[in-house]
Structure formats: structure tokens, C-alpha cells
Amino acid sequence: TARQIWKYTTGAAEAVQLTGKDYNGESHSPMWYNGRVYFVTDKDGQMNLWSMKDDGSDKRQVTRHEGWDVRDPSLGDGHIVYQLKADLWDLDLASGETRMIDISLASDLDQLRDNWVKDPMSFLTSAHISPEGDRVALTSRGRVFVAPVKGGRFVRATRKDSVRYRDAMFAADGQS
């Protein structure tokens, strides 16, 4: 049941098996380039890229990755791009060099977007009055605010966004 690579020539009575005669493991994903067939096989115990002549002779190992299988190869412009782990790799067929492709994805993640709260009081988790009764410490959505009871300035008391604060209250001396 192992996948093998076969070659069929137009007008021939039968297809010719190119892999599997000398090894019973998996060989798949054939790609034709410059007189050679590149394919994925686990002949060395790990799925890696190999190449051979179009008659199945002269098999050569092209990549030598260990621990993870080469997956989903795609050929174009003298390069084979393939997946290894969660990364994409590029094989330059002219030089035989491989390199990991550096990819960075810009994201529009919901949790990174600005979120304007229409009713902040619905998120209020605690409120404590100062000992003098002139200010109130409010905790909402993990942030601490100090609000004056009468005229004055509403102040955000915490600045670290990576910390969620809760149950903020004034010290007994009313100064902190």
C-alpha cells in the first residue's frame, strides 16, 4: 500500500515502476526539472527530497532533515518550496542550498483592536471611597481609576496594560 512513482510513456503497453524496486517505503510527489525527477521519500528513515533520472536510476538524496518530514513540495523557477514543521523552506536546485523562508504575518486580531466600551459602568468590579470621602477608587476591566466626588480630574492610576488589577482601595492614611 506504500505510494510509489511510476512512469508512463504515450503508446507504451504498461507503466514502468521507478521507485519501490529497491525500497518498499513511501515515494511520492514527483516533480520534473532539468532531466531529473525530484520526489519525497522516506528511504533514509525520514521524509526528505531525493532526485533520480527519468528512468529511475541515479537516485540521490537532496535534503537531509532529521526529526520532521518534508511535506507538500512545490516546484517553480528552479526552486522547490516545501513545509518542514511549521516553516517553509526553499531548495535552490542550481546550487543545492536550502534555507528557511522568513515569513511574518500582519494580523488583524480582534484582541489587538481598539475596543471602545459604550457602557463602562457595566464592567465596574469594585468601588471604594477614600477615608476623607473626597475620592473613589474604581476598578474596571482590570484597570484602576481615581475619581473625585465633586470637581476635579478623573485619573487612571495604573499604567501597566499587562497586569489586571482588582479590588483597589485607599490606604487608611488616605495618601495612597
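Just above sits the structure.
In this text the structure is predicted, and so the values were computed from the model without any measurement.

(A) Examining the sheet that holds strand β7 (residues 70-76) more closely. Spatially, 4 strands are ordered β7-β8-β9-β10 in an open sheet, and the strand pairing comes out antiparallel. Two strands bound the open sheet, and with one partner strand each, they are β7 and β10 (98-100). This sheet shows a mean twist of 25° between the axes of neighbouring strands, independent of strand direction. The sheet contact formed by strand β8 (residues 79-84) and strand β9 (residues 87-92) spans 6 bridges and is antiparallel. The residue of β9 that forms the bridge with Q83 is L88.

(B) Region of the structure containing the packing of aromatic side chains. In total, this model carries 1 aromatic pair according to the counting rule given. Aromatic pair F145 and F154: ring centres 5.4 Å apart, planes at 20°, arrangement stacked. The cationic tip of R141 hangs over the ring face of F123; the distance from NZ or CZ to the ring centre is 5.3 Å.

(C) Local environment of the pattern of salt bridges. Evaluation of the coordinates by the stated rule reveals 9 salt bridges. Salt-bridge contacts for D58 lead to R36; the nearest nitrogen and oxygen are separated by 3.0 Å. Of the two residues, D58 sits in the loop between β5 (48-53) and β6 (60-61) while R36 sits in strand β4 (residues 36-41), which places them 22 residues apart along the sequence. When its relative accessible area of 31% is taken as the criterion, D58 is described as partly exposed.

(D) Fine view of the sheet that holds strand β12 (residues 135-140). One open sheet accounts for 4 strands, arranged β11-β12-β13-β14; its pairing is antiparallel. A strand with exactly one partner marks an edge of an open sheet, and here the two such strands are β11 (124-129) and β14 (155-156). With 2 bridges connecting them, strand β13 (residues 143-148) and β14 associate as antiparallel partners. Its bridge partner lying in β14, F145 is registered against R156.

(E) Region of interest: the nonpolar core. Among the nonpolar cores identified, the biggest contains 12 residues, and these are M31, Y38, V40, M47, L49, V70, I80, Y82, L84, W89, L91 and L93. Broken down by element, this core gets its largest block of residues, 3 residues, from β8. Setting aside anything within four residues of it in sequence, one finds W89 in contact with H65, I80, V81, Y82, L84, T98, R99, M100 and I101. Membership of the second largest hydrophobic core comes to 6 residues, among which are I5, V37, W50 and M52.

(F) Looking closely at the side chain of S140. Residue position: S140 is located in strand β12. A relative accessible area of 12% places S140 in the buried class. Within the local environment of S140, its side chain forms a polar contact with the backbone oxygen of F123, the two atoms lying 3.5 Å apart.

(G) Spatial organisation of the pairing of β7. Taken together, the 5 bridges between β7 and β8 define a ladder with antiparallel strand orientation. Paired with G76 across the two strands is H79, which belongs to β8. Taken together, β7 and the strand that follows it, β8, pair antiparallel across an intervening segment of 2 residues, in which D77 is found at a positive phi of about 55°.

(H) Structural view of the pairing of β12. Counting buried positions over the 6 residues of β12 gives 5, a clear majority of the element. Across 5 bridges, β11 lies against β12 in antiparallel orientation. What sits directly across from I129, in β12, is V136. In textbook terms, the turn of a hairpin is the stretch between consecutive antiparallel strands, and for β11 and β12 this stretch comprises 5 residues, one of which, G133, has a positive phi near 80°. As paired strands, β12 and β13 are joined by 6 bridges and run antiparallel to one another. When the sheet's bridge partners are listed, L138 is paired in β13 with F145. Counting the residues that bridge the hairpin from β12 to β13 gives 2 residues, and of these R141 lies at a positive phi of roughly 55°.

Quick notes on the rules
- Residues numbered from 1 in each chain as written.
- Predicted model: local features only at pLDDT ≥ 70, side-chain atom pairs only at ≥ 80, totals over all residues.
- Heavy atoms only, no water.
- Pairing = 2+ DSSP bridges.
- Helix = DSSP H or I, 4+ residues; strand = E, 2+ residues; numbered from the N terminus.
- Axes fitted to C-alpha atoms, helices over the stretch in contact; angles between N-to-C directions.
- Phe/Tyr/Trp six-rings, centres within 6.5 Å; stacked < 30°, edge-to-face > 60°.
- Lys NZ or Arg CZ within 6 Å of the ring centre and 35° of its normal.
- Salt bridge = Lys/Arg side-chain N within 4 Å of Asp/Glu carboxyl O.
- Buried < 20%, exposed > 50% of the residue type's maximum accessible area, 1.4 Å probe, protein only.
- Core = buried A, V, L, I, M, F, W, Y, C linked by side-chain atoms within 4.5 Å.
- Contact = heavy atoms within 4.5 Å.
- Polar contact = N/O pair within 3.5 Å; in protein donor to acceptor, adjacent residues only side chain to side chain.

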